[in-house]
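Single-letter residue listing:
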Amino acid sequence: MPNVETVTGPIDADELGTTLIHEHLVFRDEAVLAEWPHAGTVKESEPPVNVDEEGAFEAALESARAVVEHGVKTIAEPTAMFGGRDVRFSRRVAEETGLQVVPCTGIYTYDYLPPYFMFRDEDAMADLFVHDIEEGIQGTDIKAAFLKCAADEPGVTPNIEKVHRAAARASVRTGTPIMAHSRPASETGPRQVEIFIEEGVEPERIQIAHTGDTDDLDYIERLLDTGVFVGMDRYGLEIFLPMEQRNATVTALLERGYAERMFLSQDFCATLDWYPAEVATQMMEAGAAKGWSMTLIFEEVIPALRESGMTDEQLETMMVSNPKRWLTA
Ligand SMILES: [Zn+2]
């Protein structure tokens, strides 16, 4: 079996085991953190909004330990530029808990790019991604195992297209898979896939994240028809789609034979700096998220899917085989 890079070194793909394909040990803006470290006062909230180092570390440890208790061996950690990617932080979590953490390279933006990239083209951006894949990330020897990019409400703007083409070129040069954050409500997925394919990426190396935010089976099948993987990966984020509808969609797709193309995950962020603590609390109270954690799928989703007919084999395909195939192809 080929190797897969983790923050504690390469492992044999057979050692990946049960894998959560989309979970963040941390999500906080690195520029805000660098410029105003005092903004990281620890606040009690759900999820924690603390951005100070020890508070964030404790929050990551708590989630990592919880998933390990549920038999998870590996998480893919899609925190890229603008999400506070910090592979030394991830390595500390991995060393402390035994959880295997698969890191990425890429840029998480809905449009903005720093001036640095205004005067450099897609290939220069791809060179940086390839550096992370071949040499190592942030001055370490930790290598990226997948590429991350995003399209959201503004759609595939020129800047977003540039990041997608750069990710695609890095993928083609290195054989590394791509995870693309998408927004089904803006139907970004088909255009994202189109760009990757134009650049020569094989569909089985592409994962369109957050496809589970819609229950529009026609839209999802349009994506699946291209041969890509889709992420049913935001369980708990009721604001995008309630759990019952997420489950009904997964069940329908399982019945149509798509077990081999889906991932189950939560897109949980052990730390999230987006909201002031009181806003986060209000949102939770208003039902924007329910039970959102790194373990919700084990506690509530998998039992419900089983009830609706999901077999052990289908579960194994989504949690073990698919991560291995997408990461190694
Ligand atoms: Zn995410």
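Here, the structure is the one placed above.
A brief structural summary.

Reading the values: rules and limits
- Residues numbered from 1 in each chain as written.
- Predicted model: local features only at pLDDT ≥ 70, side-chain atom pairs only at ≥ 80, totals over all residues.
- Heavy atoms only, no water.
- Helix = DSSP H or I, 4+ residues; strand = E, 2+ residues; numbered from the N terminus.
- Rg over C-alpha atoms; globule rule 2.2 N^0.38 Å.
- Buried < 20%, exposed > 50% of the residue type's maximum accessible area, 1.4 Å probe, protein only.
- Areas by Shrake-Rupley, 256 points an atom, 1.4 Å probe, with all protein chains shown as cover.
- 1 Å grid on protein atoms, 1.4 Å probe; cavity = no way out; pocket = protein on both sides within 12 Å on 5 of 7 lines; lining within 4 Å.
- Points joined across faces, edges and corners; volume = space filled by probe spheres on them.
- Donors = N, O, S within 2.8 Å, 3.2 Å for Na, K, Ca; no water.
- Disulfide = S-S within 2.5 Å.
- Contact = heavy atoms within 4.5 Å.
- Salt bridge = Lys/Arg side-chain N within 4 Å of Asp/Glu carboxyl O.
- Core = buried A, V, L, I, M, F, W, Y, C linked by side-chain atoms within 4.5 Å.
- Nonpolar A, V, L, I, M, F, W, Y, C, P; charged D, E, K, R; others polar.
- Expected span 1.5 Å × (residues − 1).
- Pairing = 2+ DSSP bridges.
- Axes fitted to C-alpha atoms, helices over the stretch in contact; angles between N-to-C directions.

1. Considering the overall build of the chain
The secondary structure content of the chain amounts to 12 helices and 10 strands. The C-alpha radius of gyration of the chain comes to 18 Å, within 12% of the 20 Å expected for a compact globule of 329 residues. Its C-alpha atoms give the chain principal-axis dimensions of about 50 × 45 × 40 Å. Here the chain holds 329 residues, and the buried ones make up 57% of them. Of the roughly 13400 Å² that the chain leaves accessible, carbon and sulfur atoms contribute 49%.

2. What about empty space enclosed by the protein?
Considering all chains together, one arrives at one cavity of 30 Å³ or more under this definition. In this structure, the largest cavity spans a volume of roughly 70 Å³. Lining of the largest cavity is provided by Val7, Val26, Glu77, Thr79, Arg85, Asp86, Val87, Ser90, Val101, Pro103 and Cys104. Only helix H3 (87-97) and strand E5 (100-106) provide two or more residues apiece to the lining of the largest cavity.

3. So, the coordination of the zinc ion
Tetrahedral coordination by four donors places them ideally at 109.5 degrees to one another around the metal; octahedral coordination by six donors ideally gives 90 or 180 degrees. Here the zinc ion is held by His22 (NE2), His24 (NE2) and Asp267 (OD), and the distances to it run 2.1 to 2.2 Å. Counting gaps between the donor residues of the zinc ion yields the pattern H-x1-H-x242-D. Taken together, the residues span a long stretch of sequence, with His22 in the loop between strand E3 (19-20) and helix H1 (30-35) and Asp267 in the loop between strand E10 (262-264) and helix H10 (277-285) at a distance of 245 residues. Assessed through its relative accessible area of 1%, His22 is described here as buried. Given a relative accessible area of 7%, Asp267 falls into the buried group.

4. Concerning the state of the cysteines
Counting across every chain of the model gives zero disulfides. With no disulfide of its own, Cys104 lies 10 Å from the sulfur of Cys149, the closest cysteine sulfur. Exposure remark for Cys149: the relative accessible area of 0% places this residue in the buried category.

5. A word on the side chain of Thr105
Inspection of the secondary structure puts Thr105 in strand E5. Contacts of Thr105, omitting those with residues within four sequence positions, involve Arg85, Phe129, Asp132, Ile133, Ala144, Phe146, Leu147 and Lys148.

6. Looking at the pattern of salt bridges
In total, this model carries 22 salt bridges according to the counting rule given. Here Glu198 and Arg165 are joined by a salt bridge, their closest N and O atoms 2.8 Å apart. In this pair, Glu198 sits in helix H7 (residues 189-198) while Arg165 sits in helix H6 (residues 158-174), placing the two residues 33 residues apart along the sequence. Taking the relative accessible area as the measure of exposure, Arg165 reaches 10% and is therefore buried.

7. Some remarks on the nonpolar core
Membership of the largest hydrophobic core comes to 84 residues, with the highest contact counts inside it found for Phe196 and Leu264. Of all the elements, helix H2 (residues 53-69) adds the most residues to this core, at seven residues. Excluding residues within four positions of it along the chain, Phe196 makes contact with Cys149, His164, Ala168, Ile178, Ala180, Val201, Ile206 and Ile208. With 17 residues, the next largest nonpolar core counts Leu16, Ile21, Ala76 and Cys104 among its residues.

8. Some details on the layout of surface pockets
It is a probe the size of a water molecule, rolled over the atoms, that shows where empty space is left. Quantified by volume, the largest pocket comes out at close to 580 Å³. Element by element, the count of residues in the lining of the largest pocket is highest for H10, at three residues. Grouping the amino acids of the lining of the largest pocket by side-chain chemistry returns 19 nonpolar, six polar and eight charged.

9. Points about the environment of Met179
Along the chain, Met179 turns up in strand E7 (residues 178-181). Of the residues examined, Met179 reaches a relative accessible area of 0% and is grouped as buried. Separated by 34 residues in sequence, Met179 and Ala145 place their C-alpha atoms 11 Å apart. Those residues within four positions of Met179 in sequence are excluded, and the remaining contacts are Ile21, His22, Pro78, Phe146, Leu147, Lys148, Cys149, Gln207, Ala209 and Trp326.

10. Looking at helix H9 (residues 243-255)
In a regular helix each residue adds 1.5 Å, so 13 residues correspond to 18 Å; H9 covers 18 Å between its end C-alpha atoms and thus fits that length. Those residues of H9 that fall on the buried side of the exposure criterion are Met243, Arg246, Asn247, Thr249, Val250, Thr251, Ala252, Leu253 and Leu254. Residues of H9 that are buried make contact with helix H8 (217-224), strand E9 (229-232), E10, helix H11 (296-307) and helix H12 (312-328). Two residues or fewer past H9, Gly257 is found with a positive phi of approximately 90 degrees.

11. Brief notes about the sheet that holds E5
With parallel pairing, eight strands are arranged side by side in an open sheet as E3-E4-E5-E6-E7-E8-E9-E10. Each edge of the sheet is formed by a strand with only one pairing partner; in this case those strands are E3 and E10. Bridge count for E9 against E10 is three bridges, and the pairing is parallel. Residue pairing for E10: Gly231 is matched across the bridge by Phe263. Its contacts with the sheet place H12 against E3, E5, strand E6 (146-150), E7, strand E8 (206-209), E9 and E10, and it is angled at close to 115 degrees to E10.

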